[in-house]
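Here is how the chains run, residue by residue.
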Amino acid sequence: MADTAKPANVTPISADSKLSDQQKRDQLRARIEAGEKRNEQRTLADQAKDAADTAVAFTKKHPYAVIGGAIAVGLAIGAMTKPGRRLGKRGGVFAGLVADAALAYGARMIDNASNAAHLAGDRFEDFGETAASTARDLRREAAGRLDAAGEVLRATSRKATRGGSRAAQAIKTRLTY
């Protein structure tokens, strides 16, 4: 994976900088928000292209591991077929060991892929829960502010009504005397 590549426009937040902790937090928060916006704007095609580029880079960096993995997966699939099992019985101990190793390697790769899928699902679930929780908090806060604003309006209305009634009473009193 290309975890060593850093975007050219990112500068590290240094621990020995002259910024206060709050300023560092604000900078980090701004970077996180910018990253989230960039991720939201990425399409599935962009993500697929990035995955393909990562696979090509890994293949270029570790060609023997990729070839060995492909051979092991091929042997594992071959060992799962009926002719492959018969060959393993006839081929002796060495063929059985190779088939077992290939099966173990294939099973490990399948487990890793399954674990990655579960991890991604868990992260999406966590993101959904966070978004729902934030939405609930915002809704509660908005309702509370609306209630407070309504209370202020009602109090102002009562005060204006009393003031208007007193003014009307004062005018009535002046007109009658």
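Cut-off values and rules
Residues numbered from 1 in each chain as written. Predicted model: local features only at pLDDT ≥ 70, side-chain atom pairs only at ≥ 80, totals over all residues. Heavy atoms only, no water. Helix = DSSP H or I, 4+ residues; strand = E, 2+ residues; numbered from the N terminus. Buried < 20%, exposed > 50% of the residue type's maximum accessible area, 1.4 Å probe, protein only. Contact = heavy atoms within 4.5 Å. Areas by Shrake-Rupley, 256 points an atom, 1.4 Å probe, with all protein chains shown as cover. Salt bridge = Lys/Arg side-chain N within 4 Å of Asp/Glu carboxyl O. Patch = residues over 30% accessible without salt bridge, like charges linked within 9 Å, V, L, I, M, F, W, Y side chains within 5 Å. Lys, Arg positive; Asp, Glu negative; His and termini not counted. Charge placed at Lys NZ, Arg CZ, Asp CG, Glu CD. pLDDT = per-residue confidence, 0-100.

### Details of the overall build of the chain
Point 1. Counting its regular elements, the chain contains five helices and zero strands.
Point 2. If you list the helices and strands of the chain from N to C, you get α-α-α-α-α.
Point 3. The buried share among the 177 residues of the chain stands at 6%.
Point 4. Long-range pairs, those at least 24 residues apart, make up 32% of the contacts in the chain with a sequence separation of at least 6.
Point 5. Surface summary for the chain: the accessible area is close to 15100 Å², and the carbon and sulfur share equals 62%.

### What about the pattern of salt bridges?
Two side chains that carry opposite charge are able to pair once their charged atoms sit near each other.
Point 1. Tallied over the entire structure, the rule returns five salt bridges.
Point 2. Residues D137 and R140 are paired through a salt bridge, measuring 2.9 Å at the closest nitrogen-oxygen approach. You can see D137 and its partner R140 sitting in helix α5 (residues 93-176), three residues apart, about one turn around the helix.
Point 3. On the basis of relative accessibility, which here comes to 39%, the residue D137 falls in the partly exposed class.
Point 4. Taking the shortest distance from any N to any O, the salt bridge between R145 and E141 comes out at 3.0 Å. Of the two residues, R145 and E141 are both situated in helix α5; the distance of four residues between them amounts to about one turn of the helix.
Point 5. Judged by relative accessible area, E141 falls into the partly exposed class, the value being 41%.

### Brief notes about a positive patch on the surface
Point 1. Taken together, the side chains of R158, K159, R162 and R166 make up a positively charged region of the molecular surface.
Point 2. Inspection of the secondary structure assignment puts R158 in helix α5.
Point 3. Take R158: its relative accessible area is 43%, and that puts it in the partly exposed class.

### Here we look at a nonpolar patch on the surface
Point 1. A surface patch of nonpolar side chains, about 460 Å² in accessible area, is lined by Y64, I67, I71 and L75.
Point 2. Turning to its location among the elements, I71 is positioned in helix α3 (residues 63-80).

### What to know about a negative patch on the surface
Point 1. Residues D122, E125, D126 and E129 make up a contiguous surface patch of negative charge.
Point 2. Looking at where E129 falls in the secondary structure, it is placed in helix α5.
Point 3. A residue is classified by how much of its surface remains accessible, and E129, at 45% relative accessible area, is partly exposed.

### Some words on the confidence of the model for the chain
Point 1. For the chain, mean pLDDT is 76; residues scoring 70 or higher make up 80% of the total.
Point 2. Taking the mean pLDDT of every element in the chain, the minimum, 63, falls on helix α4 (residues 82-91) and the maximum, 82, on helix α1 (residues 21-41).
Point 3. A low-confidence stretch, residues 1-5 stays under pLDDT 50, and its non-local contacts, those more than four residues away or across chains, total three contacts.

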